[in-house]
Amino acid sequence: MSHAPSKLNAFPVFVRVEGAVAAIVGNGEEALAKARLIGQSSAVLRIIADDAEPGLLTFIAQSGAVHIEAAYDGVHLEGAVMVFAATGTEALDRRVVADARLLRIPVNAVDRPELCDFFTPALVNRAPVAIAIGTEGAGPVLAQMLRGRIDRMLSPSLGALAALAASFRGAAEKLLPKGNARRRFWNDFFAGAPARAVEAGQLSQAHDAAVDLLLSNAPALGHIALVGAGPGAEDLLTLRAHRLLMEADVIVYDALVPEAVVAMGRRDAERLAVGKRKGCHSKSQAEINALLVELGREGKRVVRLKSGDPLVFGRAGEEMAVLRDAGIAYEVVPGVTAAFAAAADFELPLTLRGVSSSMVFTTGHDLKGNSLPDWAKLAISGATVAVYMGRSVAAEVAGRLIEAGLSPDTAVAVVENASLRNRRRFHGTLADLPSLEARVDLTGPVMTIIGDAVAGANFERSEPLAAHKHEGASIAATEGVQP
Ligand code: SAH
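The rules behind these values
Residues numbered from 1 in each chain as written. Predicted model: local features only at pLDDT ≥ 70, side-chain atom pairs only at ≥ 80, totals over all residues. Heavy atoms only, no water. Buried < 20%, exposed > 50% of the residue type's maximum accessible area, 1.4 Å probe, protein only. Helix = DSSP H or I, 4+ residues; strand = E, 2+ residues; numbered from the N terminus. Pairing = 2+ DSSP bridges. Right-handed = clockwise from strand over helix to strand, strands pointing away. Contact = heavy atoms within 4.5 Å. Axes fitted to C-alpha atoms, helices over the stretch in contact; angles between N-to-C directions. Salt bridge = Lys/Arg side-chain N within 4 Å of Asp/Glu carboxyl O. Phe/Tyr/Trp six-rings, centres within 6.5 Å; stacked < 30°, edge-to-face > 60°. Near = heavy atom within 4 Å. Polar contact = N/O pair within 3.5 Å; in protein donor to acceptor, adjacent residues only side chain to side chain. Areas by Shrake-Rupley, 256 points an atom, 1.4 Å probe, with all protein chains shown as cover. Nonpolar A, V, L, I, M, F, W, Y, C, P; charged D, E, K, R; others polar. Domains from an automatic or database assignment. UniProt positions renumbered as here; feature names shortened; annotations may be inferred.

Student: Is there a simple way to think about the pairing of strand β2 (residues 44-48) in this case?
Tutor: Remark: a regular strand shows side chains that alternate across the two faces of the sheet. With 4 of 5 residues buried, β2 is to be regarded as a mostly interior element. Alignment of strand β1 (residues 21-25) against β2, held across 5 bridges, turns out to be parallel. Paired with A23 across the strands is R46, a residue of β2. In the sheet, β2 pairs with strand β3 (residues 66-68) via 3 bridges, with the strands oriented parallel. Bridge assignment links R46 to a residue of β3, and that residue is V66. In this view, the connection linking β2 to its parallel neighbour β3 by way of helix α2 (residues 54-63) has right-handed handedness.

Student: Hey, could you run me through the sheet that holds strand β18 (residues 463-464) in this one?
Tutor: As a general point, the strands of a sheet are linked pairwise by backbone hydrogen bonds and lie either parallel or antiparallel. If you walk across this open sheet you meet the 6 strands as β13-β14-β17-β15-β16-β18, and the pairing is mixed. Across the chains shown, the open sheet's two edge strands, defined by having one partner strand only, are β13 (359-362) and β18. Two strands pair when backbone bridges link them, and strand β15 (residues 411-416) and strand β16 (residues 424-429) are joined in this way by 6 bridges, in the antiparallel orientation. What sits directly across from E416, in β16, is R424. Set on the sheet, helix α13 (residues 338-345) makes contact with β13, β14 (384-387), β15, β16 and β17 (446-450); between it and β17 the angle comes to about 75°.

Student: Just to check I follow, could you spell out the pattern of salt bridges for this structure?
Tutor: Oppositely charged side chains are able to pair whenever their charged atoms sit close together. Following the criterion strictly, the structure yields 19 salt bridges and no others. Note that R266 is salt-bridged to D249, the shortest N-O span being 3.1 Å. Linking R266 in the loop between α10 (259-262) and β10 (270-273) with D249 in the loop between α9 (239-247) and β9 (250-253), this pair joins segments that are 17 residues apart in sequence. Owing to a relative accessible area of 26%, R266 belongs among the partly exposed residues under this scheme. Taking the shortest distance from any N to any O, the salt bridge between R424 and E463 comes out at 3.6 Å. You can see R424 sitting in strand β16 and its partner E463 sitting in strand β18, a full 39 residues away along the chain. We classify R424 as buried; its relative accessible area is 15%. Within the structure, one salt-bridge network assembled from shared partners comprises D249, R266, D268 and R301.

Student: Teacher, can you tell me more about the packing of aromatic side chains here?
Tutor: One pair of aromatic rings is described through two measures. These are the centre distance and the angle between the planes. Scanning all chains against the criterion turns up 11 aromatic pairs. Arranged with centres 5.9 Å apart and planes meeting at 50°, the rings of F185 and F189 form a pair that is tilted. With F185 and F189 both in helix α6 (residues 180-191), this residue pair falls 4 residues apart, about one helical turn. Using a relative accessible area of 4% as the deciding quantity, one classes F185 as buried. Residue classification places F189 among the buried residues on the basis of a relative accessible area of 0%. The interplanar angle of 70° and the centroid separation of 5.2 Å between the aromatic rings of W186 and F189 together place this pair among those described as edge-to-face. Here the residue W186 and the residue F189 both occupy positions in helix α6, the gap between them amounting to 3 residues, near one helical turn. The same class applies to W186 as to F189, namely buried. Three or more aromatic residues joined by ring pairs form one cluster here, namely F168, F185, W186, F189 and F190.

Student: What is the right way to read the site of the ligand from this model?
Tutor: The full set close to the ligand counts 17 residues, and V312, T337, M389, A418 and V446 are the nearest of them. With respect to the ligand, the backbone of P231 contributes an N or O atom lying 2.9 Å from a nitrogen atom. Between the ligand and the protein, one listed contact pairs a nitrogen atom with a backbone N or O atom of A418 at 2.8 Å. Expressed as a share of its isolated accessible area of 540 Å², the protein-covered part of the ligand is 92%. Taken together, the residues that form the shell around the ligand break down as 12 nonpolar, 4 polar and 1 charged. When residues of the shell around the ligand are assigned to domains, at least three map to each of domain 3 (223-333) and domain 4 (340-479).

Student: Please clarify how helix α1 (residues 29-38) should be interpreted in this entry.
Tutor: Three or four residues apart is the spacing at which side chains of an α-helix point the same way, because the helix has 3.6 residues per turn. Those residues of α1 that fall on the buried side of the exposure criterion are A31, L32, K34, A35, L37 and I38. Packed against the buried residues of α1 are β1, β2, α2, β4 (80-85), β5 (107-109) and β6 (122-126).

Student: Could you clarify how one ought to interpret the UniProt feature "domain: Sirohaem synthase dimerisation" (unreviewed entry) in the protein in this entry?
Tutor: In this numbering, the UniProt entry assigns the feature "domain: Sirohaem synthase dimerisation" (unreviewed entry) to residues 157-213. Each end of residues 157-213 is marked by a C-alpha atom, and these two atoms are 20 Å apart; helix forms 84% of the span and strand 0%.

Student: What's the story with the domain arrangement of the protein in this structure? I'm lost.
Tutor: Interface size is commonly expressed as the accessible area that is lost once the parts come together. Taken domain by domain, the protein holds domain 1 (21-120), domain 2 (158-215), domain 3 (223-333) and domain 4 (340-479). Computed from C-alpha atoms alone, the centre-to-centre distance between domain 1 and domain 2 is 40 Å.

Structure (structure tokens):
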């Protein structure tokens, strides 16, 4: 079997409707659905409904559609450029179809494909950009699914960007020779500074950026997006992160960033692993900073992927500072931080009415000195504490908190590989926490959450931490053995 596409029996076209009449015959839901769809255009809606249902009446009132409140008659269709038979009654729909054909007006009959001259698509509307999805009436559910997927892929500001582009078309044609120069302008327009400004809602900056692009032959300036890749599961990536990945020239990523997320990048994007992971040759922070500046100066669109949220223990502060100093544009795209993923895996309310109303993100690496850091005091006053990179300092964290007055019975939840299929959950108390340090079987990233709110979690799928309390180095051998 060859995979040559079969022929379409319905060919998509875009019909000019500005100021033209679209006639819809019907009183109920079918008519309303069509009115809503065509109402997304600047066509004049003429709704022939002698006994319109309340929903349709409301629509007519709000949309300013012309309402012909009379029993249907063929003359009602006169002058229309398209007709919809949406009466819900086959005999009447057939009459409408026959009348339309006499008048040579293309007609669509709702749910009666055999009577249709044309079909209406599922529509992704970013006017003036429209994406129409058709299945020749075979699968409205499929069409709606595709519509949803495409809708999520496209920036909500695409329409505004296209409108801005239209306003620059004449100037671009006048000032730029046809061919490469013009193509480069439009590429930079849709993927560079003008697009980013529109995305940020800054229309006048977008206009200025487009003028700059048009008047200068200078190569486009680079741009770095510091993007949160989420905790590990690829579908916890934000839609914005996904879009930027698909536009990137270069993807610079850390060790904890899942391969599947990096793989979502544009196919010919350059991928640079700079991760700090044992065994991999990794770069120092200073080298990473220098690399970002260099890529920016080369005019590259860079996605700097960091696990979780880029602004949480991600050293983004240093990267942003060097980019600012170098005058390279950047933006930050938030991600789902590990603490949130771990809490979700445990169904753990991070704030709990009457129990905990504040939350601390810490590493526990600041407990070395003599004085108690502020967060420890917060923990004692009831905050929920999320400890990042806390495995190697688990005993220190537990010891110091208990010493400071937090009850050894305070609930603790630990998640290894939060959000991933191979996640493991452990529950226990502050007194059990030190055992974490000896757990050589935990090879993935580990999140520890401490506080009374943890008691609100779901412990059905977690193992007790205490099971491994005194087992030291033999843990690996006894993995999975219950007490
Ligand atoms: N910017 C990241 C944190 C980087 S620090 C974020 O916002 O999540 C790295 C630490 O994050 C790890 O030592 C671990 O404590 C935690 N972490 C990251 N991913 C995790 C995961 N999937 N499960 C549990 N902890 C995770």
